[in-house]
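Structural overview
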Amino acid sequence: MQVIPGSPMLLAMSASELNSSAVHFPAPESRAEALKRALAAALRYLDDLDRRSVRPRPEAVAALRALQDALPEGPAEADELVELLDTFASPATVGSASGRYFGFVIGGALPASLAASWLVSAWDQNAALFSQSPAATMLEETALEWSRELLGLPMGTGGAVVTGATMANFTALAAARHALLGRAGWDVEADGLFGAPPITVVVGDEAHVSLFKALGMLGLGRNRVIPVPVDGQGRMRADALPHLDEHTIVCLQAGNVNTGAFDPAPAICPEARNAGAWIHVDGAFGLWAAASPAQRHLVQGFELADSWATDAHKWPNIGYDCGLALVREPETLRAAMSMSAAYLERGEHREPSDYTPDLSRRARGVELWAGLRSLGREGMAAIVDRTCAHARQFARGLQAAGYQVLNDVVINQVLVSFGSREKTLRTIERIQADGTCWCGPTVWQGKTAMRISVSSWATTVEDVERSLEAMIRAEKDE
């Protein structure tokens, strides 16, 4: 007997097969039980941060193998899996939410942002189109405008909430690529880069690796850039700029990842604008200095740029992952990023996915909204000012102990040498093993150093003093 697709017989067979299945999906009450258990585990974890080692113990990392068994044939209860994760994974995490974590420019998530992220997960929204999530769309719009104001950028600047500074650089530079090639009569989105007019990219010698990754993904090349020499703090030298024209992208840095130094935007931006070049700013953390009246002078001139990339999971302490790509003329970004299809319903509202590489998007703009709303202008300034003050506290304490601080501590970054390369690396390893705090190694202008990045709202004066004692103790144990 022939079964025609869509016929009642086939539908009946399908229903029968489904009813006879041995697999039963979770009941709503099991979801509630899992969430209650997750809440208890999360609160326990956060309450224990001040007492636990910032670096996970080797035995905790080894115990993770208990979660690496073969995929089971049958399902498991959600609350049981939460217990498994809390038992084996929680102890093997790095305490980056602690006030004594000073690695990689990571700030602990603000309470409001953390709570909002739980709601965002419960809502389970795709923040691509207004029709998919009016709440996510409108809160993202507001958070972008608040960020523009805090960063001191021109009226009308728009952009996108993305995953972090790497994707923010990629997104903003895609707008730059579109604009420059469009001026030359080339539609890069339609015709690609084969045969396209060349674009010159100018960067500082100490530009961040995420910028080069973005250039590579855009087809502009990591090795085709023109590097500009830097000074003794890692700032691009304005007197060493190459010829600039309307086919050039100049990439400035607001906050050197090692020293925290800022490229001299007041000297570079007017010249670049007069030449018709596109100015892009990689300001992953340093751009937020604009939020502080005391630090705002550091970003003078950067408002003259055409695009900016920054993280919100660094100084604003929004939590992972959250970054911002901002463009002076947002229609340029929309032209570079938008896509169309018959099923993608569009209305009168701004459609977030028209400005980002992603179509499927977490509603991370809600977490950004919650974090900034909880801080206000004064709170955002306080995060910047306090962490900068803690960095100076570290520098004074380490210098007083006889160690060499290599950089001018202009914001929240401190580079310290404990002597030779070997001694510095051994001291860092002992500091990490001790677990009181966590700092990582770097090599800057030929010198091996420990990099201290103070980025978290949770860090206190007592955290700094306790960490200083651990650092000095680790060096003395040599």
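Residues numbered from 1 in each chain as written. Predicted model: local features only at pLDDT ≥ 70, side-chain atom pairs only at ≥ 80, totals over all residues. Heavy atoms only, no water.

1. Focus on the overall build of the chain
- Helix and strand counts for the chain come out as 14 helices and eleven strands.
- By residue count, 48% of the 478 residues in the chain fall in the buried class.
- About 22200 Å² of surface is accessible on the chain, with carbon and sulfur atoms providing 56% of the total.
- Taken as two groups, the 42 positive and 56 negative side-chain charges of the chain have centres that lie 6 Å from each other. (Helix = DSSP H or I, 4+ residues; strand = E, 2+ residues; numbered from the N terminus. Buried < 20%, exposed > 50% of the residue type's maximum accessible area, 1.4 Å probe, protein only. Areas by Shrake-Rupley, 256 points an atom, 1.4 Å probe, with all protein chains shown as cover. Lys, Arg positive; Asp, Glu negative; His and termini not counted. Charge placed at Lys NZ, Arg CZ, Asp CG, Glu CD.)

2. Description of the sheet that holds strand E9 (residues 413-417)
- If you walk across this open sheet you meet the four strands as E8-E9-E11-E10, and the pairing is antiparallel. Either end of the sheet is taken by a strand with one partner, and the two such strands are strand E8 (404-405) and strand E10 (440-444).
- Seen against the sheet, helix H13 (residues 421-434) touches E9, E10 and strand E11 (447-453) and runs at an angle of roughly 30° to E11. (Pairing = 2+ DSSP bridges. Contact = heavy atoms within 4.5 Å. Axes fitted to C-alpha atoms, helices over the stretch in contact; angles between N-to-C directions.)

3. Observations regarding the environment of Ala-275
- Residue placement: Ala-275 occurs in helix H10 (residues 265-275).
- Placed 194 residues apart in sequence, Ala-275 and Leu-81 show a C-alpha to C-alpha distance of 59 Å.
- Non-local contacts of Ala-275, meaning those with residues more than four positions away in its chain, are made with Leu-244, Asp-245 and Glu-246.

4. Some thoughts on the sheet that holds strand E7 (residues 323-327)
- Taking strand neighbours across the sheet as the criterion, the seven strands line up as E1-E7-E6-E5-E4-E2-E3 in an open arrangement whose pairing is mixed. In this open sheet, the two strands that pair with only one neighbour each are strand E1 (158-162) and strand E3 (226-228). Shown here is a sheet whose adjacent strand axes are inclined to one another by a mean of 20°, direction ignored.
- Against the sheet, helix H7 (residues 165-183) makes contact with E1, strand E4 (248-253), strand E5 (278-282), strand E6 (307-311) and E7, and its axis sits at roughly 180° relative to E5, the strand it touches most.
- With respect to the sheet, H10 is in contact with E4 and E5, its orientation differing from that of E4 by roughly 165°.

5. A word on the nonpolar core
- Ranked by size, the top nonpolar core spans 51 residues in total, and within it Val-250, Leu-252, Phe-262, Phe-302, Trp-315, Leu-368 and Met-380 carry the most contacts.
- For this core, the elements supplying multiple residues, two or more each, are helix H6 (134-150), E4, H10, E5, E7 and helix H12 (364-400).
- Sequence-distant contacts of Met-380, defined by excluding residues within four places in its chain, comprise Leu-150, Trp-288, Ala-291, Trp-315, Pro-316, Leu-372 and Leu-375.
- In terms of nonpolar packing, the next biggest core, distinct from the first, is built from 33 residues, Val-162, Leu-173, Ala-207 and Leu-211 among them. (Core = buried A, V, L, I, M, F, W, Y, C linked by side-chain atoms within 4.5 Å.)

6. Brief notes about the packing of aromatic side chains
- Tallying each qualifying case throughout the model produces seven aromatic pairs.
- A centroid spacing of 5.9 Å and a plane angle of 25° characterise the contact between Trp-146 and Trp-369, whose relative ring orientation is stacked. Of this pair, Trp-146 sits in helix H6 while Trp-369 sits in helix H12, and the two are 223 residues apart along the sequence.
- Note on Phe-262 and Phe-302: the rings are 6.3 Å apart at their centroids and 65° apart in plane angle, and the pair reads as edge-to-face. Of this pair, Phe-262 sits in the loop between E4 and H10 while Phe-302 sits in the loop between E5 and E6, placing them 40 residues apart in sequence.
- The structure contains a cluster of three or more aromatic residues connected by ring pairs, namely Tyr-101, Phe-104 and Trp-438. (Phe/Tyr/Trp six-rings, centres within 6.5 Å; stacked < 30°, edge-to-face > 60°.)

7. Focus: the side chain of Arg-361
- Here Arg-361 is to be found in the loop between helix H11 (330-337) and H12.
- When near neighbours in sequence (up to four residues on either side) are disregarded, Arg-361 contacts Gln-125, Asn-126, Ala-127, Ala-128, Glu-140, Val-161, Pro-352, Ser-353 and Thr-356.

8. Some words on H6
- Its 17 residues place the ends of H6 24 Å apart at the C-alpha level, agreeing with the 24 Å of an ideal helix rising 1.5 Å per residue.
- Listed as buried for H6 are Ala-136, Thr-137, Glu-140, Ala-143, Leu-144, Ser-147, Arg-148 and Leu-150. Projection of H6 onto a plane perpendicular to its axis shows the buried side chains occupying an angular sector of 160°, all on one side.
- Lining the buried residues of H6 we find E1, E7 and H12.
- Immediately beyond the C-terminal end of H6, within one or two residues, lies Gly-152, with a positive phi of roughly 70°. (Expected span 1.5 Å × (residues − 1). Arc of directions from axis to C-beta.)

9. A look at the environment of Val-228
- Structurally, Val-228 can be placed in strand E3.
- Classification of Val-228 by relative accessible area gives buried; the value is 0%.
- The spacing of Val-228 and Gly-204 is 24 residues in sequence and 4.7 Å in space, taken between C-alpha atoms.
- Setting aside anything within four residues of it in sequence, one finds Val-228 in contact with Val-202, Val-203, Gly-204, Asp-205, Met-236, Arg-237, Ala-240, Leu-241 and Pro-242.

10. Considerations on H12
- If you check H12, its first and last C-alpha atoms are just 43 Å apart, much less than what 37 residues at 1.5 Å a residue would give, namely 54 Å.
- The principal kink in H12, of about 95°, is found at Gly-376.
- Once H12 finishes, Gly-402 follows within two positions and takes phi at roughly 100°, a positive value. (Bend = angle between axes of the 7 residues up to and from the residue.)

Scope: geometric values only; no functional claims are made or implied.
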